[in-house]
Amino acid sequence: MEKAGTMDYINHMFPTEASLSGVEPLMQKIHSEIRVVDAEILAAVRQQSNSGTRAKEDLAAATRAVEELMYKVREIKTKAEQSETMVQGICRDIKKLDFAKKHITTTITALHRLTMLVSAIEQLQVMASKRQYKEASAQVEAVNQLCSHFDAYRDIAKIAELRDKFKNIKQILQSHVFSDFASLGTGREAEESNLLQQLSDACLVVDALEPSVREELVKNFCNRELISYQQIFEGAELAKLDKTERRYAWVKRRLRTNEEIWKIFPASWHVEYLLCIRFCKLTRTQLMEIFVCLKEKPDVGTLLLALQRTIEFEEELAEKFSGSGSSKSLESDIEETDKREGNNQTVMDIRKKYERKLAAHQGNEDDNKDLTVPGAGFNFRGIISSCFEPHLMVYVELEERTLMEHLEKLVQEETWDMDDGSQTNILSSSMQVFLIIRRSLKRCCALTRNQTLLNLFTVFQRVLRAYASKLFMKLPKGAMGMDGHIKTSDKDERLICYIVNTAEYCHKTAGELAENVLKIIDSQLIDAVDMSEVQDEFSAVITRSLVTLVHGVETKFDVEMGAMTRVPWGTLESVGDQSAYVNSINMILNGCVPIVGSLLSPFYFQFFLDKLASSLAPRFYLNIFRCKQISETGAQQMLLDTQAVKTILLDIPSLGRQTPGAAAYAKFVSREMSKAEALLKVILSPIDSVADTYGALLPEGTPSEFQRLLELKGLKKADQQTILDDFNKRGSESPVAAPAVEVSHMGPAPVPPPMASTASPAVIASREDVLTRAAALGRGAATTGFKRFLALTEAAKDRKDGPFRKLFNA
C-alpha cells in the first residue's frame, strides 16, 4: 500500500473483530520475513568486506603494469631516435647525388632547346630572305614555342639577343608580305602564275604573327580596293541620288570578278565581309553628303527608288553573311502582324530582331567592330538606309496626298443608298479606307520602321478624322442642335444606322491598326503610337448619329402630339377605344423600330430605346398640360390612351427583335408613364380631395402644375383660389423647392427635384389609402368607364377608418 500509515494498514488487515483471529498467523509470517531479511543483510556485509580486499590487490597489480609499460615506451623512443640518426646519415649522400642529377638534366634540356632555338632562328632567317612563306609559317610557330621555354631567362644576354633577332625576322617577314600583297590587283598575278599561291602561303605567315598584323593587312587591302570606288562616285557625274543603284552594282561586280583573289584569304579572316562593311560605311557617308548638297527637296520617286535598292542590297548582304538559309522580308513581317490569332510568338521574334538591329546600328560608328565575325552582333540592315530617314518627309507628304485623294474619291463614289441585302450593315467606303491605309502601311514598312513610320501613322490619324467628318456631314440637317427639329425619312433612318455601324467599325479597326503599328515600329517610338483621339472622334459620330435618330423619330410625333391637344377632352360623352393619335404613334414606331432594331447592334439599339423613352414619356406627360379642358370622361379616355401608349412603348424591344436590357427598359418606361397616369388620376379625383391626391400621387409636383391642373378640370378662378390657398397652406408645411416646369412640346422635359422638407404625419399615414384609391380610379376608368368609377367611389365611402373618409362623403 503506497502512501499508507501503520494505522491504515492495520485497519485494512483487520477491519472487524472477527478478523482479529488472524493476528497470530500474521505475526509469525512477519517474524519469518524479518529473519530472511536479516540473513540477506549479513551475507551482503560479508561479501562487501571480501570485495574491498580484492580491489586493493587489483589496484596494486595495475600500478605495476603501468610502470612496466612506461619503461618499454622509453626504450622504443630511444631506439627510434637512434634509427632516425642512422637514416639521415645514409640519405645525406643520396640527396646530394639526386640534386646533381636534376640540375644536370635541366641543363642538358635547356642547352638542347637553346641549340634548337638558334638553329630554328637561323633557318627562319633563310626562309624569310627567300620568301618561303609556307615553311616560314610553321617555323615561326616552332620558334614561338621554343621562346616560351626561355621566358624565365630573359635577363641572360644570349637569350635577349636571340629574341631581338627573332623580332627582326618577323618584321622582315611582315614587310615582305605587305610588299607582295601591294602588287595584288596591279596585273602582276597574270604575269606570275604562282603569285596567288605565294600570297596564299603568306596568309599562313600572317596567321603565325601577331593578330594586329592581320588586321592591318586586311584594312590596307580593303582601303586599296575601295579607292577606285571612292574616286568614281565622288565625281560630279555619279555623285547623284539617282545613281545609287550603280554603287551596289559596282561592289557586286567587284566581288564577282575577284573571286580568285578572295580564295587566297583564309575563310576565318572574313575579308569579303569586312570589305562590305567598309563599303557600306563609305557609301553612307557619300549619300549623306549628297543630301546635304541638295538645294531643294529630293524627287520622291528618285528617293524611294534609291531607298528601295539600298534596302534590297542590305538584305542581300544580311542573307549572305548571316549564316542562316532564309531571311524574312519586311512585307512578310507586316502581313504577319495582320493576323489576329496565333502570331504572338512571331511578332515577338520580329520585334526582338529589329531591337537587335537598332543596337547594332548604334554601334556601327565604332570602327573597332569591323573585325567582328558575321552573326556576332553586326547587322547590315539599316547601315546605309538609315541615312534616308531624315529626308523621307516628302514621301510622307505624298502618301498623305494620295490617301486624301482616295478618301475623297471613295466618299464621292459611295451611294449612301443602303441595300436590304447587305451583310455587314456598314458603308463600303469605310472598308476601302482601311484597305488603302493598310497598303500604305505595308509600303512604308518595306522602307522603314522608324520616325517615318510614326509620321505616316500621324497621317493615318488625319485621314480617319477626315473620314469621321465626312460621316458627320452626311447626317440629316439639324444634327448640330441637340433639341431641334430633324425631319427624317425611312431612308434617312437607314443611313443613320449605317453611319453608326460604320463609325463603330472604324473605332474598332482604328484600335487594331494602332496595335499593328505597335508591333512593328521601333521600340523607342512605341509611346507615341496612340489612336485614342481618333477613336473619340468616331465615338462622337456614334453619339450624334443616335441623338439625330431619336430627334428624327421625335419630330414624327409632333403631329400626333398636336392632334392629342385638339381632341375635345372636355366634351367627350363616353369612353371608347384608344384614340386615333395613339394609333398613329403605334404606326410610326412600327414603321421605324423594326428597321432600327435590325440594323443596330444590341448595345446601340438599347441606347436608342433609352433616349426615345426618356424623351417621349416626359413629353407625353407635359402634353397633357397643353390640352384645354379635360372632363372626367375625357380623363378616363386619356387614361386609357396613356396605358395604350405605355403598352406600345413596352413592346418596342420585341418589335425590334432585341431583348437584352428589356427588363431595365420596361422598368424605366413604367416609372415615367406612371407619372402621366397619376396626373390623370388626380384629374379624376373629387374637387375637395384633389389637393391631397395630387400631393400623394405627385410628390414632386409644383404649384404651377397644380394650378394648371385645376384649369384642366374646368374650375373657375374663384373656385381655384380656395383650393390653391389650401394647397399653399399645406405647401408651407411641406414646401416645394422645385421651380415651375415649362410646358413644351420639344425635347425631353427636365426632371424636377424632389420636395424639400418632410411631409406631415397625417399625409404620411394616409398616403397608402390615397394610392390604393387612386389605383382603383385608374382601373375603373380604363375598364368600364365612369360608372365603374362611381361604384368604386361608393365602396370607398363604406370605410369607417382613415383620415380621408370625409373626402368621399356626399
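Quick caveat, the model's predicted, so the values are computed rather than measured.

Rules of the game
- Residues numbered from 1 in each chain as written.
- Predicted model: local features only at pLDDT ≥ 70, side-chain atom pairs only at ≥ 80, totals over all residues.
- Heavy atoms only, no water.
- Buried < 20%, exposed > 50% of the residue type's maximum accessible area, 1.4 Å probe, protein only.
- Helix = DSSP H or I, 4+ residues; strand = E, 2+ residues; numbered from the N terminus.
- Arc of directions from axis to C-beta.
- Phe/Tyr/Trp six-rings, centres within 6.5 Å; stacked < 30°, edge-to-face > 60°.
- Lys NZ or Arg CZ within 6 Å of the ring centre and 35° of its normal.
- Axes fitted to C-alpha atoms, helices over the stretch in contact; angles between N-to-C directions.
- Parallel < 35°, antiparallel > 145°, perpendicular 65-115°, else oblique.
- Contact = heavy atoms within 4.5 Å.
- Nonpolar A, V, L, I, M, F, W, Y, C, P; charged D, E, K, R; others polar.
- Salt bridge = Lys/Arg side-chain N within 4 Å of Asp/Glu carboxyl O.
- Patch = residues over 30% accessible without salt bridge, like charges linked within 9 Å, V, L, I, M, F, W, Y side chains within 5 Å.
- Areas by Shrake-Rupley, 256 points an atom, 1.4 Å probe, with all protein chains shown as cover.

A. Quick look at helix 26 (residues 703-712). Residues Glu705, Phe706, Leu709, Leu710 and Leu712 constitute the buried set of helix 26. For helix 26, the angular spread of the buried residues around the axis is 155 degrees, confining them to a single face.

B. Quick peek at unusual backbone geometry. With phi around 55 degrees, Arg131 is a residue other than glycine that occupies positive phi space. With a phi angle near 55 degrees, His270 is a residue other than glycine that sits in the positive phi range. Within the secondary structure, His270 is located in the loop between helix 9 (259-262) and helix 10 (271-293). Relative accessible area serves as the criterion here: at 25%, His270 is assigned to the partly exposed category.

C. Examining the packing of aromatic side chains more closely. Applying the stated criterion across every chain yields a total of 18 aromatic pairs. On the numbers, 5.6 Å between centres and 35 degrees between planes, the contact of Phe321 with Phe380 is tilted. With Phe321 in helix 11 (residues 300-322) and Phe380 in the loop between helix 13 (344-362) and helix 14 (393-413), this residue pair connects regions lying 59 residues apart in the sequence. The two residues Phe321 and Phe380 agree in class, both being buried. One aromatic cluster is present, formed by Tyr229, Phe233, Tyr248, Trp250, Phe279 and Phe313 through successive ring pairs. When the ring centre of Phe321 is taken as origin, the NZ or CZ atom of Lys320, which lies over that ring, is 5.7 Å away. Between Arg544 and the ring centre of Phe472, over which it is positioned, the NZ or CZ distance is 4.7 Å.

D. Representation of the packing of helix 15 (residues 428-445) against helix 17 (residues 490-520). With their axes 11 Å apart at the nearest point, helix 15 and helix 17 run at an angle of 10 degrees to one another. By the angle class used here, helix 15 and helix 17 are roughly parallel. Along its contact with helix 15, which presents Ser430, Met431, Phe434, Ile437, Arg438, Leu441 and Cys445, the element helix 17 presents Thr502, Tyr505, Cys506, Thr509, Ala510, Leu513, Val517 and Ile520. Of the residues in the contact of helix 15 with helix 17, the class split is eleven nonpolar, three polar and one charged.

E. Looking closely at the pattern of salt bridges. In total, this model carries 19 salt bridges according to the counting rule given. For Glu272, the salt bridge goes to Lys320, with nearest N and O atoms at 3.6 Å. In this pair, Glu272 sits in helix 10 while Lys320 sits in helix 11, placing the two residues 48 residues apart along the sequence. Classification of Lys320 by relative accessible area gives partly exposed; the value is 48%. Where Glu672 meets Lys675, a salt bridge forms, and the shortest distance between an N and an O atom there is 3.8 Å. With Glu672 and Lys675 both in helix 24 (residues 662-684), this residue pair falls three residues apart, about one helical turn. The buried category is assigned to Glu672, whose relative accessible area is 9%. Here the salt bridges do not stand alone but share partners, grouping Glu245, Arg309 and Glu312 into one network.

F. Looking closely at the side chain of Thr509. Position of Thr509 among the secondary structure elements: in helix 17. Taking the relative accessible area as the measure of exposure, Thr509 reaches 6% and is therefore buried. Excluding residues that lie within four positions of it along the chain, Thr509 makes contacts with Phe434 and Arg438.

G. Highlighting the environment of Phe625. Within the secondary structure, Phe625 is located in helix 21 (residues 602-625). Note: C-alpha distance between Phe625 and Arg708 (83 residues apart in sequence) is 6.9 Å.

H. Seen up close, the environment of Val140. Note that Val140 resides in helix 3 (residues 133-148). Its relative accessible area of 0% is what places Val140 among the buried residues. Between the C-alpha atom of Val140 and that of Phe166, which follows or precedes it by 26 residues, the distance is 8.9 Å. Filtering out sequence-adjacent residues up to four positions away, Val140 remains in contact with Leu124, Phe166, Leu173, Ala208 and Leu209.

I. Summary view of a nonpolar patch on the surface. On the surface, Met7, Tyr9, Ile10 and Met13 cluster together into a nonpolar patch covering about 380 Å² of accessible area. A residue is classified by how much of its surface remains accessible, and Tyr9, at 38% relative accessible area, is partly exposed.

J. Expanded view of the environment of Lys170. Residue position: Lys170 is located in helix 4 (residues 157-182). Overall, Lys170 belongs to the buried group, its relative accessible area being 15%. Between the alpha carbons of Lys170 and Gln125 there is a distance of 9.1 Å; along the sequence they are 45 residues apart. Discounting chain neighbours no more than four positions away, the residues touching Lys170 are Leu209 and Glu210.

Purely geometric stuff here, so don't read any function into it on its own.
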